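# Observations on chain architecture
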There are 2 protein chains.
Amino acid sequence: MKQSQLFTKTRKETPKDEVSTSAQLLIRAGFVHKELAGVYSFLPLGVRVMKRIIKIIKAEMDTLGGVELYLSALQDPEIWKATDRWNDASIDIWFKTKLKNDTELGLGLTHEEPLTRMLRDHISSYRDLPRYVYQFQTKFRNEVRAKSGLIRTREFLMKDLYSFNATVAELDIFYEKVGKAYERIFRAVGLGEKTFRTFASGGAFSKFSHEYQTVCDAGEDTIYLAMDQSVAVNKEVFTDEVLKDLGKKKTDFVQARAIEVGNIFKLGTRFSEALGLMFTDERGASAPVVMGSYGIGPARVMAAIVELHHDGKGIIWPKSVGPFDVHVVEINAKHTNEVANSANELVVQLEKQGMAVLHDDRDLSPGQKFADSDLIGIPVRVVVSEKTVKAGKLEVKHRADGEVEHLDTTQLASRLR
Amino acid sequence: MKQSQLFTKTRKETPKDEVSTSAQLLIRAGFVHKELAGVYSFLPLGVRVMKRIIKIIKAEMDTLGGVELYLSALQDPEIWKATDRWNDASIDIWFKTKLKNDTELGLGLTHEEPLTRMLRDHISSYRDLPRYVYQFQTKFRNEVRAKSGLIRTREFLMKDLYSFNATVAELDIFYEKVGKAYERIFRAVGLGEKTFRTFASGGAFSKFSHEYQTVCDAGEDTIYLAMDQSVAVNKEVFTDEVLKDLGKKKTDFVQARAIEVGNIFKLGTRFSEALGLMFTDERGASAPVVMGSYGIGPARVMAAIVELHHDGKGIIWPKSVGPFDVHVVEINAKHTNEVANSANELVVQLEKQGMAVLHDDRDLSPGQKFADSDLIGIPVRVVVSEKTVKAGKLEVKHRADGEVEHLDTTQLASRLR
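Analysis parameters
- Within any chain, residue numbers begin from 1 and follow the written order of that chain's sequence.
- As they are written, the chains are lettered A onward and the ligands numbered 1 onward, keeping that order.
- Owing to the predicted nature of the model, reporting of local features is limited to residues with pLDDT of at least 70; listing and counting of side-chain atom pairs is limited to 80 or more, with chain, interface and lining totals taken over all residues.
- Values reported for side chains reflect all heavy atoms of the structure, with hydrogen atoms and water molecules removed beforehand.
- How sure the predictor is of each residue is captured by pLDDT, a score from 0 to 100.
- Alignment of copies: least-squares fit on C-alpha atoms of residues with pLDDT of at least 70 in both copies.
- For this analysis, residues touch if any pair of their heavy atoms sits within 4.5 Å.
- Secondary structure counts use DSSP, requiring at least four H or I residues in a row for a helix and at least two E residues in a row for a strand, with both numbered from the N terminus.
- Each residue's exposure class comes from its accessible area (1.4 Å probe, protein chains only) as a fraction of the maximum for that residue type: buried when under 20%, exposed when over 50%, partly exposed otherwise.
- Each polar contact in these results corresponds to two N or O atoms within 3.5 Å; when the atoms are within protein, one needs to be able to donate a hydrogen and the other to accept it, and residues that are neighboring in sequence are counted only if both atoms are side-chain atoms.
- Here the bounds of each domain stem from an automatic or database domain assignment.
- A simple way to read buried area is as the amount of 1.4 Å-probe accessible surface that goes missing from two parts once joined, with both sides added.
- Any Lys or Arg side-chain nitrogen located within 4 Å of an Asp or Glu carboxyl oxygen qualifies as a salt bridge.
- Gly counts as polar in this scheme, as do all residues outside two lists: the nonpolar Ala, Val, Leu, Ile, Met, Phe, Trp, Tyr, Cys and Pro, and the charged Asp, Glu, Lys and Arg.
- Structural elements are reduced to axes, namely lines fitted to C-alpha atoms, with helices fitted over the stretch in contact, and the angle between N-to-C directions of any two is expressed from 0 to 180 degrees.
- Roughly parallel here means an angle under 35 degrees, roughly antiparallel means over 145, roughly perpendicular means 65 to 115, and every remaining angle is called oblique.
- Counting rule applied: Lys, Arg positive; Asp, Glu negative; His and chain ends not counted.
- A pair of strands is labelled paired if DSSP reports no fewer than 2 bridges between them.

On to the confidence of the model for chain A. For chain A, the mean per-residue pLDDT works out to 95, and 100% of the residues sit at or above 70. Here the prediction assigns the complex a pTM of 0.97, and the interface score ipTM is 0.96.

Least-squares fitting of chain B to chain A yields an RMSD of 0.0 Å, with the superposition described by an axial translation of 0.0 Å and a rotation of 180°. Such a combination of rotation and displacement between the chain copies is what one expects of a two-fold axis. Among all residues of chain B, the minimum C-alpha distance to the rotation axis is found for Thr97 of chain B, at 2.6 Å. Counting the interface residues of chain B, we find that 100% of their copies in chain A are interface residues as well, pointing to one common contact surface.

On to the side chain of Gln3 of chain A, then. All names here are of chain A. On the secondary structure map, Gln3 appears in the segment before helix 1 (21-28). With relative accessibility at 4%, the residue Gln3 sits in the buried group. One polar contact links Gln3 to His327, side chain to side chain, over a distance of 2.8 Å. In this structure, Gln3 is in contact with His327, Leu358, His359, Asp360, Asp361, Arg362 and Ile376, ignoring residues within four places of it in sequence.

Residues and elements named next belong to chain A. Taken domain by domain, chain A comprises domain 1 (21-311) and domain 2 (326-416). Counting residues at the interface gives seven residues for domain 1 and four residues for domain 2. Of the roughly 470 Å² buried at the junction of domain 1 and domain 2 (both faces included), carbon and sulfur atoms supply 63%. Counting across the domain 1 and domain 2 interface gives one salt bridge. We note a salt bridge from Arg399 to Asp311, for which the minimum N-O separation is 2.8 Å. On inspection of domain 1 and its partner domain 2, the count reaches one residue pair in polar contact (both at pLDDT 80 or more). For the side of domain 1 that touches domain 2, the secondary structure elements donating two or more residues are helix 1 and helix 2 (44-63). Looking at the side of domain 1 that touches domain 2 residue by residue, the class counts come to four nonpolar, no polar and three charged.

What follows deals with helix 1 (residues 21-28) of chain B. Residues and elements named next belong to chain B. With respect to burial, helix 1 is a largely interior element, seven of its eight residues being buried. Those residues of helix 1 that sit buried are Ser22, Ala23, Gln24, Leu25, Leu26, Ile27 and Arg28. The inward-facing, buried residues of helix 1 abut strand 1 (32-36), strand 2 (39-42), helix 8 (298-308), strand 17 (310-311), strand 18 (314-315) and helix 10 (366-376). Just past helix 1, the residue Gly30 takes up positive phi, approximately 85°.

All names here are of chain A. As for its placement among the helices and strands, Val242 is situated in helix 6 (residues 240-246). When the C-alpha atoms of Val242 and Ala391 are compared, they prove to be 65 Å apart, with 149 residues separating the residues in sequence. Discounting chain neighbours no more than four positions away, the residues touching Val242 are Phe208 and Val237.

The next thing to look at is helix 4 (residues 112-119) of chain B. Burial within helix 4 of chain B is extensive, with eight of its eight residues counted as buried. Every buried residue belonging to helix 4 of chain B is among Glu112, Glu113, Pro114, Leu115, Thr116, Arg117, Met118 and Leu119 of chain B, and all of these are buried.

Moving on to the packing of helix 1 of chain B against helix 8 of chain B. Residue and element names in this part refer to chain B. For the pair helix 1 and helix 8, interaxial distance at closest approach is 8 Å and the crossing angle is 100°. By the angle between their directions, the pair helix 1 and helix 8 is classed as roughly perpendicular. Of the residues in helix 8, those touching helix 1 at Thr21, Ser22, Leu25 and Leu26 are Met302, Ala303, Val306 and Glu307. Among the residues forming the contact of helix 1 with helix 8, the class breakdown is five nonpolar, two polar and one charged.

For the rest of this paragraph, the subject is the pattern of salt bridges. Scanning the model with the defined rule gives 63 salt bridges over all chains in all. Between Lys51 of chain A and Glu68 of chain B there is a salt bridge, with its nearest N and O atoms 2.8 Å apart. In this pair, Lys51 of chain A sits in helix 2 while Glu68 of chain B sits in strand 3 (residues 67-68), so the two residues belong to two different chains. Judged by relative accessible area, Lys51 of chain A falls into the partly exposed class, the value being 38%. Relative accessible area serves as the criterion here: at 14%, Glu68 of chain B is assigned to the buried category. Measuring nitrogen to oxygen at the nearest pair gives 2.6 Å for the salt bridge that ties Lys207 of chain A to Asp245 of chain A. Remark: Asp245 of chain A occurs in helix 6 and Lys207 of chain A occurs in the loop between strand 9 (195-201) and strand 10 (208-215); sequence separation between them is 38 residues.

Further remarks concern the interface of chain B and chain A. Listed per partner, the contact involves 59 residues of chain B and 59 residues of chain A. In total, about 5,100 Å² of surface goes out of reach between chain B and chain A, with carbon and sulfur atoms giving 57% of it. Our count for the contact surface shared by chain B and chain A stands at eight salt bridges. Close ionic contact of Asp128 of chain B with Lys9 of chain A constitutes a salt bridge, the shortest N to O distance being 2.8 Å. The interface formed by chain B and chain A includes 30 residue pairs in polar contact (both at pLDDT 80 or more). Considering only residue class, the side of chain B that touches chain A consists of 27 nonpolar, 14 polar and 18 charged.

Another aspect to go through is the side chain of Arg28 of chain A. All names here are of chain A. Relative to the assigned elements, Arg28 resides in helix 1. Here Arg28 is buried and forms no salt bridge, its nearest opposite-charge partner Glu13 lying at an N-O distance of 6.7 Å. Polar side-chain contacts of Arg28 include one of 3.3 Å to the backbone oxygen of Lys12. Arg28 has contacts with Lys9, Thr10, Arg11, Lys12, Glu13, Thr14, Pro15 and Leu375, leaving out every residue within four places of it along the chain.

What follows concerns the environment of Lys9 of chain B. Topologically, Lys9 of chain B is positioned in the segment before helix 1. Each C-alpha atom, one on Lys9 of chain B and one on Gly30 of chain B, is 6.5 Å from the other, the two residues being 21 residues apart in sequence. Sequence-distant contacts of Lys9 of chain B, defined by excluding residues within four places in its chain, comprise Asp121, His122, Ser124 and Asp128 of chain A together with Arg28 of chain B. Of the polar contacts made by the side chain of Lys9 of chain B, one reaches the side chain of Asp128 of chain A; its length is 2.8 Å.

Moving on, we come to unusual backbone geometry. For the bond running from Leu129 of chain A to Pro130 of chain A, omega is -5°, close enough to zero to count as cis. The phi torsion at Gln229 of chain A lies on the positive side, around 60°, for a residue other than glycine. Looking at the element boundaries, Gln229 of chain A is found in the loop between strand 11 (221-226) and strand 12 (232-234). Since its relative accessible area comes to 45%, Gln229 of chain A is described here as partly exposed. Here the phi dihedral of Asp84 of chain B falls at roughly 60°; this positive angle occurs in a residue that is not glycine. Take Asp84 of chain B: it is sitting in the loop between helix 3 (77-82) and strand 5 (95-98).

This part is about the sheet that holds strand 21 (residues 380-384) of chain A. All names here are of chain A. Spatially, 20-19-21-22-23 is the arrangement adopted by the five strands of the open sheet, whose pairing is mixed. In this open sheet, the two edge strands, each paired with only one partner strand, are strand 20 (357-360) and strand 23 (404-407). Here the strands of the sheet are splayed against their neighbours by 25° on average, with no regard to which way each runs. Taken together, the four bridges between strand 21 and strand 22 (residues 394-398) define a ladder with antiparallel strand orientation. Bridging across to strand 22, Val380 finds its partner in His398. Each of strand 19 (326-330), strand 20, strand 21 and strand 22 is contacted by helix 9 (residues 337-352), which is oriented at about 170° to strand 19, the strand it contacts most.

Residue and element names in this part refer to chain B. Both faces of strand 20 (residues 357-360) are covered, namely the face carrying Val357 and His359 and the face carrying Leu358 and Asp360. For strand 19 (residues 326-330) and strand 20, the ladder comprises four bridges, and the chain directions are parallel. Each bridged residue has a counterpart across the sheet, and for Val329 the counterpart in strand 20 is Asp360.

Residues and elements named next belong to chain B. The five strands are arranged 20-19-21-22-23 in an open sheet whose pairing can be described as mixed. Here the strands that pair on one side only, and so sit at the sheet edges, are strand 20 and strand 23 (404-407). Averaged over all neighbouring strand pairs, the angle between strand axes comes to 25°, with direction disregarded. Each of strand 19, strand 21 (380-384), strand 22 (394-398) and strand 23 touches helix 12 (residues 409-416); the most contacted strand, strand 23, lies at about 130° to it.

Structure follows, in structure tokens:
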């Protein structure tokens, strides 16, 4: 894509209303636009990063045997009343609205209730189990505080996977499988080293759930991480009783700020019982389906990546999730056809090899172009100028370490794979 | 994909609360699920059709030079007040909600306002024009009546493209280009023959807009179609004055019901003036940007396709948008490995050639399987049974005309391309 076609302009000044580094950089570089506190739109560069994160997550969901669906945002209060999650006393972050006839509706903040109701039409026997379904869908949450940029928003895309099993033993096995898939996902997007499976509250129906917490100062959560990194515990369950269960003592841990990038939750029969999702087992007895739910917020993942991968000049995208693979920066002050053709040809060659390329064809100074390139943070930059055309080799600069290599296009393509 | 993994069960009985054939069939076959009047969730088959429709639309948007972004659903009232579109008196289909501090927010029913405001940061000179941006994003509309299934819903995905030009002449050229792209899209999804570019009201700032209307009985709109199909006019502008403009008389037309599957609209400077989206032209003068907007609702397109392409047994998907390319129906009453292996092998071979395959591996009677297959409507069905394994050739049945061919896999793959 030509950068002249990308309508977004970068900003030098840091937005005054953002405290998190990720929001500041993502806004300055033109990935997101703030509409309201806690409400962001995604600009073309942001859409591209989100699609790459989604693709990585989707592949793992498919491997788990998940089937993709898409549930509505508008919610029927009746099913939420049946599970006692409609009242502000139990869930205090609903956005509610009304039909013209004054019927109240909710905006989905999660989807256990409609999915459980829907599956009553499709599950009746043990032969219909297990079922694993997931979606990438927009959640609405009426947060009182929304000050951490993309880390806590009032509207956000969520990947939510739900499991439906016949037995707790089957749920336990699937739950661990999802955990492994989550670890692969967080490694793939560049969060692996700093992301820890963390004991968290299990609610009324399970001793623990697990959160995937990425340690970084911008995080809103407080966790306790064992010095040897073998175990992490959310502050909310960092009690003597829990530590005894884990065979640890308080002094084994250090406190850290962290971003919850994912969670996995054993729901048991809480929703299936309340909404009547029953099945007939192999002996002909009726039993409630055993459920689990598993979330990841792709935009929060994007923010966490930027928190971990940036420097004073801007973002440093891991290769797996950058908006483009290569940034071709054309420096052509004299507007010669030779340089322009060379840049165009390079873009075509790289694209032929499957690379996504951003081509800075704009009529700006080299300084402005390099500053923008550093800010946007595409993993590899290739300059095409009168000098490089003469030299016949590409000057390839890696954003992460600033290392410069002189390569031809085949070498570059193989380096990026 | 194995059909045993697809959790949806088909229904024999027609849902009593749906009057449109498309909603009845899409629910019975397991493409969509009704949550509330005018609110539908998409089941795995429905998600797959939607993705194919979206892909066709996206390719045309990219060809037009469009860049994809994604705007928030939650809306700041201030910008809608600036254009006088916040009051119920001007727009009576808002869903409104509130933050915890009682600040009112809207749920986006279209996106001219936030986009125009956002582009103030990115457009200042004629050098920043033209700009074309689009998104696939969920709109919310508080419709009083929502009785036509997926044809009029309260929550729906929309492809909305917006154009930003320096002059009306440039807008006019782009507008016609979009019209051509729309015609290619509607042809590609199987609506071409019955879809007509239709004169419609242009609002306060343009004489006409154009709707793309698919003629069918389930449509909510009334249009007048010239007997020679050279021109179509929406009822709302079917006046003597307009007919005179078009050089036609009333008796040249027949009345028809139609579904509005898309629209294209010249906005002029209505929004840029109200929200201050100005640019400096080549002579240094300041002028408001000239805008256009262009919508298609993929789910409405899906419904229109079903309205046009079905028979007494179920849906008949055009090849371009079917949830799968091939339905492999395994008939294996004796549960022999020979038949099962043959079916599995066929699926692998077809998938290798790039086909999307649904493999009915369920333990049901042939009658039930064929009825489901006809209802779901995948373009081509291949039966694998003891008989076909012996014969060594595939029995390929085309859903559209019931024609049966005996082919090998290479022939089948080339037939489906």
